[in-house]
Amino acid sequence: MVGASLAGLSAARSLRKQGYDGRLVVIGDELHRPYDRPPLSKEFLAGGIGEADLALEPDDEDLQAEWLLGARAAGLGTEPRAVRLTDGREVRADGIVIATGAAARTLPGTDGLAGVHTLRTLDDARALRDELVVGGRLVVIGGGFIGAEVASTARALGLDVTVVEAAPTPLAGPLGETMGAIVSALHADHGVRLLCGVGVKGLSGENRVDAVLLEDGRTIPADIVVVGVGARPCVEWLEGSGVDLADGVKCGADGRTSLAGVVAVGDCASWYDPRVGTHRRVEHWTGARERPDAAVAALLSWGATEPGIPRPPYFWSDQYGVKIQFAGHAARADSVTIEEGSPDDRNVLAVYRRAGHPVGVLGMNQPRLFMRWRKQLAATAS
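How each quantity is defined
- Throughout, a residue's number is its position along its own chain's written sequence, starting from 1.
- With the structure being a predicted model, the display of local features is reserved for residues of pLDDT at least 70 and the display and counting of side-chain atom pairs for 80 or more, all residues being used for whole-chain, interface and lining totals.
- Excluded from the side-chain calculations are hydrogens and water; all other atoms, namely the structure's heavy atoms, are used.
- Helix and strand definitions here come from DSSP, where helices need a minimum of 4 consecutive H or I residues and strands a minimum of 2 consecutive E residues; each element is numbered from the N-terminal end.
- Radius of gyration: over C-alpha atoms. The globule rule applied is 2.2 Å multiplied by the number of residues raised to the 0.38 power.
- Relative accessibility under 20% of the residue-type maximum defines a buried residue, over 50% an exposed one, and the middle range a partly exposed one, all with a 1.4 Å probe and only protein chains included.
- By definition in these notes, contact holds between two residues if any of their heavy atoms fall within 4.5 Å.
- Surface exposure here means Shrake-Rupley accessible area, sampled with a 1.4 Å probe, where a residue is shielded only by the protein chains that are shown.
- DSSP bridges decide pairing: two strands pair if at least two such bridges lie between them.
- Axis lines are fitted through C-alpha atoms, for helices just across the contact stretch, and the angle between N-to-C directions can take any value from 0 to 180 degrees.
- Roughly parallel means an angle under 35 degrees; roughly antiparallel means over 145; roughly perpendicular covers 65 to 115; every other angle is labelled oblique.
- Crossings are assigned a handedness: left-handed for a near helix turned anticlockwise from the far helix by less than a right angle, right-handed for a clockwise turn.
- For this classification, Asp, Glu, Lys and Arg are treated as charged, while Ala, Val, Leu, Ile, Met, Phe, Trp, Tyr, Cys and Pro are nonpolar and the rest, including Gly, are polar.
- In a helix, the anticipated span is given by 1.5 Å times the number of residues less one.
- The angle separating two fitted axes, one through the seven residues that finish at a residue and one through the seven that start at it, defines the bend at that residue.
- Working definition: a ring pair exists when centres of Phe, Tyr or Trp rings (six-membered ring for Trp) sit within 6.5 Å. Plane angles under 30 degrees give stacked, over 60 give edge-to-face, the rest tilted.
- In our convention, an over-ring charge means Lys NZ or Arg CZ found within 6 Å of a ring centre and within 35 degrees of that ring's normal.
- We count a salt bridge whenever a side-chain nitrogen from Lys or Arg sits within 4 Å of a carboxyl oxygen from Asp or Glu.
- To qualify as a nonpolar core, a set must consist of buried Ala, Val, Leu, Ile, Met, Phe, Trp, Tyr and Cys residues joined through side-chain atoms within 4.5 Å.

Glancing now at the overall build of the protein. Of the regular secondary structure elements, the protein holds 8 helices and 25 strands. Over its C-alpha trace the protein gives a radius of gyration of 21 Å, about what one expects of a compact globule, namely 21 Å for 382 residues. Projected onto the principal axes, the alpha-carbon positions of the protein cover approximately 55 × 55 × 40 Å. Taken over 382 residues, the protein has a buried fraction of 50%. Once local pairs closer than 6 in sequence are excluded, the contacts in the protein between residues at least 24 apart make up 59%. Put simply, the protein shows about 17100 Å² of open surface, and 47% of that area lies on carbon and sulfur atoms.

Before going further, it helps to examine the pairing of strand β21 (residues 314-319). Alignment of β21 against strand β22 (residues 322-328), held across 6 bridges, turns out to be antiparallel. By the bridge assignment, Ser-317 is partnered in β22 with Ile-324. The turn linking β21 back onto β22 is made up of 2 residues, and Tyr-320 within it adopts a positive phi angle of 55°.

We now examine the packing of helix α1 (residues 6-17) against helix α7 (residues 285-300). Each pair of packed helices can be described by the angle between their axes along with the distance between the axes. Remark: α1 packs on α7, axes separated minimally by 8 Å, with the N-to-C direction vectors making an angle of 40°. On the basis of the axis angle, α1 is oblique to α7. For the pair α1 and α7, the crossing hand works out as right-handed. Here Leu-6, Ala-7, Ser-10, Ala-11, Ser-14, Leu-15 and Lys-17 of α1 come into contact with α7, specifically with Trp-285, Ala-288, Arg-289, Pro-292, Asp-293, Val-296 and Leu-300. Within the contact of α1 with α7, the residues separate by chemical class into 9 nonpolar, 2 polar and 3 charged.

Moving on, we come to the sheet that holds β22. Each strand in a sheet pairs with another by means of backbone hydrogen bonds, the pair being arranged parallel or else antiparallel. Read from one edge of the open sheet, 5 strands run β21-β22-β25-β24-β23, paired in antiparallel fashion. The sheet is open, and its two borders are formed by β21 and β23 (335-342), each paired with just one other strand. Pairwise comparison of adjacent strand axes, ignoring direction, gives a mean angle of 15° for this sheet.

So, about α7. An ideal rise of 1.5 Å per residue puts 22 Å on 16 residues; α7 measures up with 24 Å between its terminal C-alpha atoms. Along α7, the sharpest change in direction is near 35° and occurs at Arg-291; proline Pro-292 comes one to four residues later. By the burial criterion, the buried members of α7 are Thr-286, Gly-287, Ala-288, Arg-291, Pro-292, Ala-295, Val-296, Ala-298 and Leu-299.

With that settled, the discussion passes to the packing of aromatic side chains. What describes a pair of aromatic rings is the distance from one ring centre to the other and the angle between the planes of the rings. Applying the stated criterion across every chain, the model contains 6 aromatic pairs. The cationic tip of Arg-129 hangs over the ring face of Phe-44; the distance from NZ or CZ to the ring centre is 4.1 Å. Just above the ring of Trp-302 sits the side chain of Arg-256; from NZ or CZ to the centre is 5.5 Å.

What follows concerns the pattern of salt bridges. If charged atoms from side chains of opposite charge come close, those side chains can pair. Applying the stated rule across the entire model yields 25 salt bridges. The residue Arg-256 makes a salt bridge to Asp-254 at a minimum N-O spacing of 2.8 Å. Judged by relative accessible area, Arg-256 falls into the buried class, the value being 16%. Of the charged contacts in the structure, one is a salt bridge between Asp-273 and Arg-275, with a shortest N-O distance of 3.4 Å. Comparing Asp-273 with Arg-275 shows no difference in burial state: the two are buried. Counted as one network, the salt bridges with shared partners bring together Arg-120, Asp-247, Asp-267, Arg-281 and Glu-283.

The subject of this paragraph is the sheet that holds strand β9 (residues 137-141). The 5 strands are arranged β8-β15-β9-β10-β11 in an open sheet whose pairing can be described as parallel. On the outer flanks of this sheet lie β8 (116-117) and β11 (193-196), each paired with one strand and no other. Here β9 runs beside strand β10 (residues 160-165); their pairing, made up of 5 bridges, is parallel. Along β10, the bridge assignment pairs Leu-138 with Val-161.

The next subject is the side chain of Thr-169. Here Thr-169 is to be found in the loop between β10 and α5 (172-175). What makes Thr-169 buried here is its relative accessible area of 16%. When sequence neighbours within four positions are dropped, the list of residues in contact with Thr-169 reads Glu-177, Gly-180 and Ala-181.

Met-1, Ile-27, Leu-76, Val-83, Ile-98, Trp-237 and Val-249 are the most contacted members of the largest nonpolar core, which has 44 residues in total. With 6 residues, the single largest contributor to this core is α1. Setting aside residues no more than four positions away along its own chain, Val-249 makes contact with Ile-98, Val-235, Leu-238, Val-243, Asp-244, Thr-257, Ala-264, Cys-268, Ala-269 and Ser-270. Counting 40 residues, the second-largest nonpolar core is a separate cluster that includes Leu-138, Leu-171, Val-183 and Ile-324.

Structure, rendered in C-alpha coordinates:
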(Lines give C-alpha, C1' and ligand atoms only; values in the text may rest on other atoms or scores of the structure.)
Protein backbone atom coordinates (compact mmCIF):
# COMPACT_ATOMS: atom_id res chain seq x y z
CA MET A 1 0.00 0.00 0.00
CA VAL A 2 1.82 3.12 -1.19
CA GLY A 3 0.00 5.95 0.56
CA ALA A 4 -1.27 6.10 4.15
CA SER A 5 -4.15 8.55 3.93
CA LEU A 6 -7.87 7.77 3.57
CA ALA A 7 -7.62 5.93 0.24
CA GLY A 8 -4.73 3.76 1.41
CA LEU A 9 -6.38 3.00 4.73
CA SER A 10 -9.66 2.17 2.97
CA ALA A 11 -7.83 -0.22 0.63
CA ALA A 12 -6.11 -1.90 3.58
CA ARG A 13 -9.46 -2.37 5.27
CA SER A 14 -10.96 -3.77 2.07
CA LEU A 15 -8.15 -6.28 1.72
CA ARG A 16 -8.83 -7.69 5.16
CA LYS A 17 -12.60 -7.55 4.67
CA GLN A 18 -12.32 -9.43 1.37
CA GLY A 19 -10.30 -12.23 2.91
CA TYR A 20 -6.66 -11.34 2.33
CA ASP A 21 -4.71 -12.60 5.36
CA GLY A 22 -1.13 -12.22 4.15
CA ARG A 23 1.55 -9.65 4.83
CA LEU A 24 0.35 -6.08 4.48
CA VAL A 25 2.76 -3.13 4.35
CA VAL A 26 1.51 0.47 4.36
CA ILE A 27 4.00 3.12 3.19
CA GLY A 28 3.34 6.79 3.99
CA ASP A 29 5.51 9.84 3.38
CA GLU A 30 4.03 11.71 6.36
CA LEU A 31 4.91 10.79 9.92
CA HIS A 32 1.25 10.90 10.95
CA ARG A 33 -1.14 7.97 11.08
CA PRO A 34 -4.13 8.35 8.71
CA TYR A 35 -6.20 11.45 9.44
CA ASP A 36 -9.29 13.14 8.03
CA ARG A 37 -8.52 16.01 5.65
CA PRO A 38 -11.87 17.84 5.15
CA PRO A 39 -11.84 19.42 8.65
CA LEU A 40 -8.39 20.93 8.01
CA SER A 41 -9.93 23.91 6.22
CA LYS A 42 -12.89 24.19 8.56
CA GLU A 43 -13.24 22.96 12.18
CA PHE A 44 -9.56 22.25 12.76
CA LEU A 45 -8.43 25.51 11.18
CA ALA A 46 -10.93 27.40 13.34
CA GLY A 47 -9.68 25.69 16.50
CA GLY A 48 -12.96 23.89 17.11
CA ILE A 49 -11.41 20.42 17.13
CA GLY A 50 -7.98 19.02 17.91
CA GLU A 51 -5.67 16.58 16.19
CA ALA A 52 -7.09 13.58 18.04
CA ASP A 53 -10.47 14.32 16.45
CA LEU A 54 -8.95 13.87 12.98
CA ALA A 55 -7.90 10.25 13.53
CA LEU A 56 -9.41 7.80 11.04
CA GLU A 57 -8.56 4.66 13.02
CA PRO A 58 -10.59 3.67 16.08
CA ASP A 59 -8.57 2.55 19.09
CA ASP A 60 -9.66 -1.07 18.71
CA GLU A 61 -8.81 -1.43 15.02
CA ASP A 62 -5.90 -3.71 14.15
CA LEU A 63 -5.31 -4.44 10.48
CA GLN A 64 -2.21 -6.51 11.25
CA ALA A 65 -0.26 -4.18 9.00
CA GLU A 66 3.34 -2.98 9.00
CA TRP A 67 3.41 0.82 8.91
CA LEU A 68 6.40 2.50 7.25
CA LEU A 69 5.71 6.17 8.00
CA GLY A 70 7.99 9.02 7.01
CA ALA A 71 9.03 6.90 4.02
CA ARG A 72 8.72 8.23 0.47
CA ALA A 73 8.42 6.04 -2.63
CA ALA A 74 11.14 6.63 -5.21
CA GLY A 75 10.31 4.07 -7.87
CA LEU A 76 8.38 0.98 -8.86
CA GLY A 77 10.09 -2.16 -10.09
CA THR A 78 8.21 -4.89 -11.92
CA GLU A 79 10.62 -7.85 -12.00
CA PRO A 80 10.26 -8.61 -9.19
CA ARG A 81 7.37 -6.33 -8.27
CA ALA A 82 8.75 -3.93 -5.65
CA VAL A 83 8.54 -0.39 -4.30
CA ARG A 84 11.86 1.43 -3.89
CA LEU A 85 12.08 4.04 -1.14
CA THR A 86 14.19 7.19 -1.05
CA ASP A 87 16.14 5.85 1.93
CA GLY A 88 17.36 2.90 -0.14
CA ARG A 89 15.00 0.26 1.18
CA GLU A 90 12.92 -1.92 -1.10
CA VAL A 91 9.57 -3.53 -0.34
CA ARG A 92 8.69 -6.50 -2.54
CA ALA A 93 5.07 -7.45 -3.05
CA ASP A 94 2.67 -9.67 -4.97
CA GLY A 95 0.20 -6.84 -5.30
CA ILE A 96 0.52 -3.07 -5.03
CA VAL A 97 -2.06 -0.37 -4.34
CA ILE A 98 -0.98 3.10 -5.47
CA ALA A 99 -2.58 5.71 -3.20
CA THR A 100 -0.01 8.51 -3.18
CA GLY A 101 -2.63 11.24 -3.51
CA ALA A 102 -1.96 14.76 -4.73
CA ALA A 103 0.08 17.76 -3.62
CA ALA A 104 -0.99 21.39 -3.52
CA ARG A 105 0.22 23.53 -6.40
CA THR A 106 2.36 26.51 -5.41
CA LEU A 107 3.19 29.90 -6.89
CA PRO A 108 6.64 30.12 -8.46
CA GLY A 109 9.11 32.24 -6.52
CA THR A 110 7.34 32.05 -3.17
CA ASP A 111 9.56 29.47 -1.47
CA GLY A 112 10.91 30.81 1.81
CA LEU A 113 8.57 33.80 1.93
CA ALA A 114 6.93 33.85 5.36
CA GLY A 115 3.16 34.19 5.54
CA VAL A 116 2.51 32.20 2.33
CA HIS A 117 0.63 28.93 2.78
CA THR A 118 -0.94 26.03 0.96
CA LEU A 119 -3.41 23.74 2.70
CA ARG A 120 -3.19 20.04 2.04
CA THR A 121 -1.67 18.32 5.06
CA LEU A 122 -1.99 18.42 8.83
CA ASP A 123 1.33 20.26 9.05
CA ASP A 124 0.02 22.85 6.57
CA ALA A 125 -3.10 23.36 8.69
CA ARG A 126 -1.07 23.71 11.90
CA ALA A 127 1.08 26.44 10.38
CA LEU A 128 -1.86 28.35 8.91
CA ARG A 129 -3.93 28.09 12.09
CA ASP A 130 -1.10 29.63 14.12
CA GLU A 131 -1.11 32.66 11.81
CA LEU A 132 -4.89 33.09 11.60
CA VAL A 133 -5.06 33.34 15.39
CA VAL A 134 -2.94 36.50 15.19
CA GLY A 135 -5.35 38.04 12.68
CA GLY A 136 -4.74 40.59 9.94
CA ARG A 137 -5.42 40.77 6.24
CA LEU A 138 -5.79 37.48 4.39
CA VAL A 139 -5.69 37.08 0.62
CA VAL A 140 -6.81 33.74 -0.78
CA ILE A 141 -5.56 33.03 -4.29
CA GLY A 142 -8.07 30.71 -5.94
CA GLY A 143 -11.82 30.64 -5.51
CA GLY A 144 -12.29 26.87 -5.51
CA PHE A 145 -13.67 24.88 -2.62
CA ILE A 146 -10.51 24.86 -0.50
CA GLY A 147 -10.02 28.59 -1.00
CA ALA A 148 -13.66 29.31 -0.24
CA GLU A 149 -13.60 27.21 2.93
CA VAL A 150 -10.45 28.92 4.18
CA ALA A 151 -12.02 32.31 3.44
CA SER A 152 -15.15 31.32 5.34
CA THR A 153 -13.19 30.09 8.35
CA ALA A 154 -10.92 33.14 8.43
CA ARG A 155 -13.83 35.55 8.14
CA ALA A 156 -15.53 33.88 11.11
CA LEU A 157 -12.29 34.43 13.04
CA GLY A 158 -12.52 38.15 12.30
CA LEU A 159 -9.91 38.54 9.58
CA ASP A 160 -10.20 40.93 6.64
CA VAL A 161 -10.46 38.55 3.65
CA THR A 162 -10.05 38.96 -0.10
CA VAL A 163 -10.42 36.11 -2.61
CA VAL A 164 -8.72 36.43 -6.01
CA GLU A 165 -9.97 34.14 -8.78
CA ALA A 166 -8.49 34.12 -12.30
CA ALA A 167 -11.66 32.76 -13.92
CA PRO A 168 -14.65 35.04 -14.56
CA THR A 169 -16.85 32.82 -12.35
CA PRO A 170 -15.58 30.85 -9.34
CA LEU A 171 -16.50 27.15 -9.21
CA ALA A 172 -17.59 27.18 -12.86
CA GLY A 173 -15.60 23.97 -13.44
CA PRO A 174 -17.30 21.72 -10.87
CA LEU A 175 -20.69 23.51 -10.75
CA GLY A 176 -21.12 25.35 -14.06
CA GLU A 177 -21.27 29.12 -14.45
CA THR A 178 -24.85 29.67 -13.28
CA MET A 179 -24.65 27.76 -10.01
CA GLY A 180 -20.99 28.67 -9.49
CA ALA A 181 -22.02 32.33 -9.41
CA ILE A 182 -24.83 31.62 -6.92
CA VAL A 183 -22.60 29.66 -4.55
CA SER A 184 -19.72 32.13 -4.73
CA ALA A 185 -22.11 34.97 -3.83
CA LEU A 186 -21.75 33.68 -0.26
CA HIS A 187 -18.49 35.64 -0.09
CA ALA A 188 -20.19 39.00 -0.60
CA ASP A 189 -22.96 38.02 1.83
CA HIS A 190 -20.37 37.82 4.60
CA GLY A 191 -18.17 40.80 3.80
CA VAL A 192 -15.46 39.00 1.84
CA ARG A 193 -14.17 40.81 -1.23
CA LEU A 194 -14.17 38.63 -4.36
CA LEU A 195 -12.06 39.71 -7.34
CA CYS A 196 -12.74 37.63 -10.46
CA GLY A 197 -11.26 37.50 -13.94
CA VAL A 198 -7.81 38.66 -12.90
CA GLY A 199 -4.63 36.69 -12.45
CA VAL A 200 -1.84 37.05 -9.92
CA LYS A 201 1.43 38.48 -11.20
CA GLY A 202 3.36 37.78 -8.00
CA LEU A 203 3.83 38.57 -4.33
CA SER A 204 5.83 41.33 -2.71
CA GLY A 205 7.82 41.34 0.51
CA GLU A 206 11.45 40.76 1.49
CA ASN A 207 11.24 38.13 4.22
CA ARG A 208 7.49 38.12 4.72
CA VAL A 209 4.68 38.69 2.25
CA ASP A 210 3.12 42.15 2.38
CA ALA A 211 1.01 42.28 -0.78
CA VAL A 212 -0.40 40.37 -3.73
CA LEU A 213 0.34 41.91 -7.14
CA LEU A 214 -2.40 41.45 -9.74
CA GLU A 215 -1.88 41.31 -13.49
CA ASP A 216 -4.11 44.35 -14.00
CA GLY A 217 -1.73 46.49 -11.94
CA ARG A 218 -3.61 46.49 -8.65
CA THR A 219 -1.90 45.72 -5.34
CA ILE A 220 -3.75 43.95 -2.52
CA PRO A 221 -2.14 44.39 0.93
CA ALA A 222 -1.73 41.08 2.72
CA ASP A 223 -0.39 39.79 6.02
CA ILE A 224 -1.21 36.19 5.14
CA VAL A 225 -1.65 34.54 1.73
CA VAL A 226 -3.21 31.14 1.07
CA VAL A 227 -2.59 29.65 -2.35
CA GLY A 228 -5.48 27.43 -3.39
CA VAL A 229 -4.88 26.87 -7.09
CA GLY A 230 -5.46 23.14 -7.32
CA ALA A 231 -3.38 20.04 -6.84
CA ARG A 232 -1.12 17.83 -8.91
CA PRO A 233 -1.14 14.03 -8.65
CA CYS A 234 1.90 12.58 -6.87
CA VAL A 235 3.04 10.18 -9.58
CA GLU A 236 6.57 11.32 -10.41
CA TRP A 237 7.98 8.24 -8.69
CA LEU A 238 6.20 6.04 -11.26
CA GLU A 239 7.93 7.48 -14.33
CA GLY A 240 9.66 4.75 -16.28
CA SER A 241 7.85 1.98 -14.41
CA GLY A 242 5.52 1.00 -17.22
CA VAL A 243 2.44 2.35 -15.44
CA ASP A 244 0.44 4.51 -17.86
CA LEU A 245 0.33 8.11 -16.64
CA ALA A 246 -2.09 10.76 -17.88
CA ASP A 247 -3.04 13.40 -15.29
CA GLY A 248 -2.41 10.74 -12.68
CA VAL A 249 -2.37 6.96 -12.90
CA LYS A 250 -4.52 5.85 -15.82
CA CYS A 251 -6.90 3.11 -14.64
CA GLY A 252 -9.82 1.06 -15.76
CA ALA A 253 -13.28 1.42 -14.22
CA ASP A 254 -12.14 -0.77 -11.32
CA GLY A 255 -8.75 0.81 -10.63
CA ARG A 256 -6.64 -1.65 -12.60
CA THR A 257 -3.53 -0.08 -14.11
CA SER A 258 -1.54 -1.11 -17.18
CA LEU A 259 0.58 -3.42 -14.99
CA ALA A 260 -0.82 -6.67 -13.65
CA GLY A 261 -1.02 -6.76 -9.89
CA VAL A 262 -1.06 -2.96 -9.55
CA VAL A 263 -4.16 -0.85 -8.88
CA ALA A 264 -4.57 2.83 -8.02
CA VAL A 265 -7.06 4.67 -5.80
CA GLY A 266 -7.60 8.14 -4.40
CA ASP A 267 -6.56 11.53 -5.73
CA CYS A 268 -3.71 10.19 -7.88
CA ALA A 269 -5.94 7.74 -9.79
CA SER A 270 -7.54 8.66 -13.11
CA TRP A 271 -10.32 6.08 -13.39
CA TYR A 272 -12.25 5.36 -16.56
CA ASP A 273 -15.84 6.55 -16.23
CA PRO A 274 -18.10 4.61 -18.63
CA ARG A 275 -20.86 7.21 -18.24
CA VAL A 276 -18.79 9.87 -19.97
CA GLY A 277 -16.33 7.68 -21.87
CA THR A 278 -13.21 9.35 -20.46
CA HIS A 279 -10.71 9.03 -17.64
CA ARG A 280 -10.92 11.50 -14.78
CA ARG A 281 -9.51 12.00 -11.32
CA VAL A 282 -12.01 12.36 -8.49
CA GLU A 283 -10.37 14.38 -5.72
CA HIS A 284 -13.06 13.89 -3.13
CA TRP A 285 -13.40 12.14 0.23
CA THR A 286 -16.20 9.84 -0.91
CA GLY A 287 -14.23 8.49 -3.84
CA ALA A 288 -11.25 7.76 -1.60
CA ARG A 289 -13.57 5.92 0.78
CA GLU A 290 -15.69 3.94 -1.69
CA ARG A 291 -13.58 3.09 -4.73
CA PRO A 292 -10.90 1.03 -2.94
CA ASP A 293 -13.47 -1.78 -2.50
CA ALA A 294 -13.66 -2.25 -6.27
CA ALA A 295 -9.91 -1.87 -6.75
CA VAL A 296 -9.12 -4.46 -4.09
CA ALA A 297 -11.63 -6.89 -5.59
CA ALA A 298 -9.90 -6.47 -8.95
CA LEU A 299 -6.47 -6.94 -7.36
CA LEU A 300 -7.45 -10.16 -5.63
CA SER A 301 -9.08 -11.66 -8.73
CA TRP A 302 -7.10 -10.10 -11.56
CA GLY A 303 -8.97 -10.54 -14.83
CA ALA A 304 -11.64 -12.78 -13.31
CA THR A 305 -14.29 -10.12 -12.76
CA GLU A 306 -15.90 -7.47 -14.92
CA PRO A 307 -15.56 -3.89 -13.68
CA GLY A 308 -18.74 -2.30 -12.41
CA ILE A 309 -19.85 1.30 -12.81
CA PRO A 310 -18.65 3.60 -10.00
CA ARG A 311 -21.26 5.71 -8.26
CA PRO A 312 -21.51 9.28 -9.62
CA PRO A 313 -18.90 11.56 -8.01
CA TYR A 314 -20.07 13.24 -4.82
CA PHE A 315 -18.56 16.03 -2.76
CA TRP A 316 -19.61 18.52 -0.14
CA SER A 317 -18.41 21.81 1.29
CA ASP A 318 -19.33 23.92 4.30
CA GLN A 319 -19.05 27.67 3.75
CA TYR A 320 -20.40 30.50 5.92
CA GLY A 321 -22.80 28.12 7.65
CA VAL A 322 -24.22 26.79 4.37
CA LYS A 323 -23.90 23.08 3.49
CA ILE A 324 -23.16 22.64 -0.20
CA GLN A 325 -23.54 19.17 -1.76
CA PHE A 326 -23.04 18.05 -5.35
CA ALA A 327 -23.31 14.71 -7.14
CA GLY A 328 -22.88 13.86 -10.81
CA HIS A 329 -21.26 15.66 -13.73
CA ALA A 330 -21.99 19.35 -14.26
CA ALA A 331 -19.94 19.40 -17.46
CA ARG A 332 -22.28 16.89 -19.13
CA ALA A 333 -25.37 19.07 -18.61
CA ASP A 334 -27.01 21.21 -21.27
CA SER A 335 -29.40 22.80 -18.75
CA VAL A 336 -29.75 23.47 -15.04
CA THR A 337 -32.97 24.30 -13.24
CA ILE A 338 -33.72 25.28 -9.66
CA GLU A 339 -36.33 22.83 -8.39
CA GLU A 340 -36.67 24.07 -4.80
CA GLY A 341 -35.71 27.12 -2.78
CA SER A 342 -34.40 30.51 -3.81
CA PRO A 343 -30.91 31.72 -4.75
CA ASP A 344 -31.55 34.89 -2.75
CA ASP A 345 -31.98 32.77 0.38
CA ARG A 346 -28.95 30.58 -0.46
CA ASN A 347 -31.31 27.64 -0.09
CA VAL A 348 -31.43 25.79 -3.39
CA LEU A 349 -31.93 22.38 -4.97
CA ALA A 350 -30.80 22.49 -8.59
CA VAL A 351 -30.90 19.65 -11.11
CA TYR A 352 -28.53 19.39 -14.08
CA ARG A 353 -29.90 17.65 -17.17
CA ARG A 354 -28.67 16.47 -20.53
CA ALA A 355 -31.33 15.94 -23.19
CA GLY A 356 -33.87 16.03 -20.38
CA HIS A 357 -32.19 13.33 -18.27
CA PRO A 358 -30.68 14.18 -14.85
CA VAL A 359 -26.88 14.03 -14.77
CA GLY A 360 -26.18 16.07 -11.65
CA VAL A 361 -27.71 17.67 -8.58
CA LEU A 362 -26.64 20.54 -6.33
CA GLY A 363 -27.98 21.30 -2.89
CA MET A 364 -27.47 24.36 -0.71
CA ASN A 365 -28.95 23.65 2.71
CA GLN A 366 -31.19 20.99 1.14
CA PRO A 367 -29.75 17.75 2.60
CA ARG A 368 -32.88 15.58 2.57
CA LEU A 369 -34.06 16.45 -0.92
CA PHE A 370 -30.49 16.30 -2.18
CA MET A 371 -30.00 12.75 -0.89
CA ARG A 372 -33.16 11.59 -2.66
CA TRP A 373 -31.86 13.00 -5.95
CA ARG A 374 -28.41 11.53 -5.36
CA LYS A 375 -29.92 8.05 -4.93
CA GLN A 376 -31.91 8.54 -8.12
CA LEU A 377 -28.74 9.48 -10.02
CA ALA A 378 -26.93 6.40 -8.72
CA ALA A 379 -29.83 4.13 -9.70
CA THR A 380 -29.95 5.63 -13.18
CA ALA A 381 -26.20 5.24 -13.64
CA SER A 382 -26.21 1.59 -12.63
